[in-house]
Amino acid sequence: QVQLVESGGGLVQAGGSLRLSCAASGRTFNSYNMGWFRQAPGKEREFVARITWRGSSTWYADSVKGRFTISRDNAKNTVYLQMNSLKPEDTAVYYCAAGLIGGSTEGSYNYWGQGTQVTVSS
């Protein structure tokens, strides 16, 4: 079993930046594909970004493409989400996820963090 803990969320004004971190423990981190999802109030959880276990390939939702960057440091067992040019519609709880099968759906991931709140004011 792998445990995931997100951090770095907070309150920021529109146009600002935040960097989320997801620290993994419990199992071999390097074997997992990693993803970020988010859930806004009153909406279902949606895919944001994902990265392969080697970090050689990344995917992004159209809504964040060009603004967000996912990366990982396997030596530190950590995955990051750099968020720039934030918009009020980015406000959500952001979740880190790990899975052995790559994909952009919730079913592709076996382990989830508890989430970190990101609030973007206008």
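Just above, that's the structure.
What follows is about the pattern of salt bridges. Counted by the stated rule, this structure contains 4 salt bridges. The salt bridge partner of Asp62 is Lys65, with a shortest N-O separation of 3.2 Å. Here Asp62 falls in the exposed class, since its relative accessible area comes to 66%. Residues Asp90 and Arg67 are paired through a salt bridge, measuring 2.8 Å at the closest nitrogen-oxygen approach. Here Arg67 lies in the loop between strand S6 (58–60) and strand S7 (68–73) and Asp90 lies in the loop between strand S8 (78–83) and strand S9 (92–99), a separation of 23 residues in the sequence. A relative accessible area of 0% places Asp90 in the buried class. A network of salt bridges, in which partner residues are shared, links Arg38, Glu46, Arg67 and Asp90.

Now for the side chain of Thr91. With respect to the helices and strands, the residue Thr91 is situated in the loop between S8 and S9. Side-chain polar atoms of Thr91 contact the backbone oxygen of Pro88, separated by 2.9 Å. In terms of polar contacts, Thr91 uses its side chain to reach the backbone amide nitrogen of Val120, at 2.9 Å. Contacts of Thr91, omitting those with residues within four sequence positions, involve Ala40, Pro41, Gln117, Val118, Thr119 and Val120.

Parameters at a glance
Residues numbered from 1 in each chain as written. Predicted model: local features only at pLDDT ≥ 70, side-chain atom pairs only at ≥ 80, totals over all residues. Heavy atoms only, no water. Salt bridge = Lys/Arg side-chain N within 4 Å of Asp/Glu carboxyl O. Buried < 20%, exposed > 50% of the residue type's maximum accessible area, 1.4 Å probe, protein only. Helix = DSSP H or I, 4+ residues; strand = E, 2+ residues; numbered from the N terminus. Polar contact = N/O pair within 3.5 Å; in protein donor to acceptor, adjacent residues only side chain to side chain. Contact = heavy atoms within 4.5 Å.

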